[in-house]
Amino acid sequence: MKQDIREFFKDQEDLKTPPRNHRKEFLDKLKAQNQSKKVSRKWLKVVAVVIVALTLGFTVLYKKPTEDVSPIIAQVEAVEAEYLKEIDAEWDNFIAIADDEVLVVRFRKRLDDLDKDYQLIAEQFKGDVNNIQVVEALVENLQTRLQILKDIQEHIKILNQKNEQHEKSI
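Because the structure is predicted, anything quoted here is derived from the model rather than measured.

Concerning the overall build of the protein
- Assigned secondary structure in the protein consists of five helices and zero strands.
- Secondary structure elements of the protein, listed N to C terminal, follow the sequence α-α-α-α-α.
- Taking all 170 residues of the protein together, 16% fall into the buried category.
- Residue pairs at least 24 apart in sequence account for 70% of intrachain contacts in the protein once pairs closer than 6 positions are excluded.
- Carbon and sulfur atoms make up 57% of the accessible area of the protein, which totals about 14,800 Å².

Description of the pattern of salt bridges
- One pass over the full model with this rule turns up six salt bridges.
- Here K24 ties to D28 by a salt bridge, and the two come within 3.7 Å at their closest N and O atoms. Within this pair, K24 and its partner D28 are both found in helix α2 (residues 22-61), separated by four residues, close to a single helical turn.
- Using a relative accessible area of 56% as the deciding quantity, one classes K24 as exposed.
- A residue is classified by how much of its surface remains accessible, and D28, at 40% relative accessible area, is partly exposed.
- A salt bridge links K126 to E123; the nearest nitrogen and oxygen atoms lie 3.7 Å apart. In this pair, K126 and E123 both sit in helix α4 (residues 101-127), three residues apart, roughly one turn of the helix. For the pair shown, K126 and E123 are each scored as exposed.

Examining the nonpolar core
- W91, F94, F107 and L138 are the most contacted members of the largest nonpolar core, which has 24 residues in total.
- For this core, the secondary-structure elements that each account for two or more residues are α3 (71-97), α4 and α5 (132-169).
- Leave out the neighbours within four places in its chain, and L138 touches V76, Y118, I121, A122 and F125.

Calculation notes
Residues numbered from 1 in each chain as written. Predicted model: local features only at pLDDT ≥ 70, side-chain atom pairs only at ≥ 80, totals over all residues. Heavy atoms only, no water. Helix = DSSP H or I, 4+ residues; strand = E, 2+ residues; numbered from the N terminus. Buried < 20%, exposed > 50% of the residue type's maximum accessible area, 1.4 Å probe, protein only. Contact = heavy atoms within 4.5 Å. Areas by Shrake-Rupley, 256 points an atom, 1.4 Å probe, with all protein chains shown as cover. Salt bridge = Lys/Arg side-chain N within 4 Å of Asp/Glu carboxyl O. Core = buried A, V, L, I, M, F, W, Y, C linked by side-chain atoms within 4.5 Å.

Quick look at the structure:
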């Protein structure tokens with residue numbers, strides 16, 4: 001089955017010379033192939049233009065009006081988000097170290113009361129965005145909540161250390 005390919009083609013003389021009109025046939029086939037590609041590309045271009053036009057049309061037609069948010073509102077919301085994230089983290093820490101359920105309930109109520117006050121101040125802020133005293137009251141409320149949580153955690157840590165020292169001395 002093994003054959004030298006050169007030997008195979010030596011026997012076939014007609015393969016060595018192409019026919020006279022070989023070049024013309026090749027160019028005709030090449031042109032026909034290029035024309036079919038151009039037609040398909042034209043359709044692709046038309047389809048792409050239609051898709052872009054429809055997308056832009058729907059975007060403009062169904063575009064919801066956006067409210068312009070003043071810079072002070074954006075800053076207050078950013079500060080609020082940071083404080084609330086810190087307050088949640090401190091609350092989780094407090095729950096982790098607190099052994100007394102009564103203490104947890106008492107501080108939850110205290111924080112809920114501060115949250116209600118915050119909601120009232122937030123309503124005032126919506127009514128008068130440029131009132132700096134209202135903004136300060138919002139921030140002060142958040143700071144108070146955070147400080148309460150930090151203080152109670154510190155107090156619990158001190159009590160736990162005293163209990164450990166007392167147990168060691170006994």
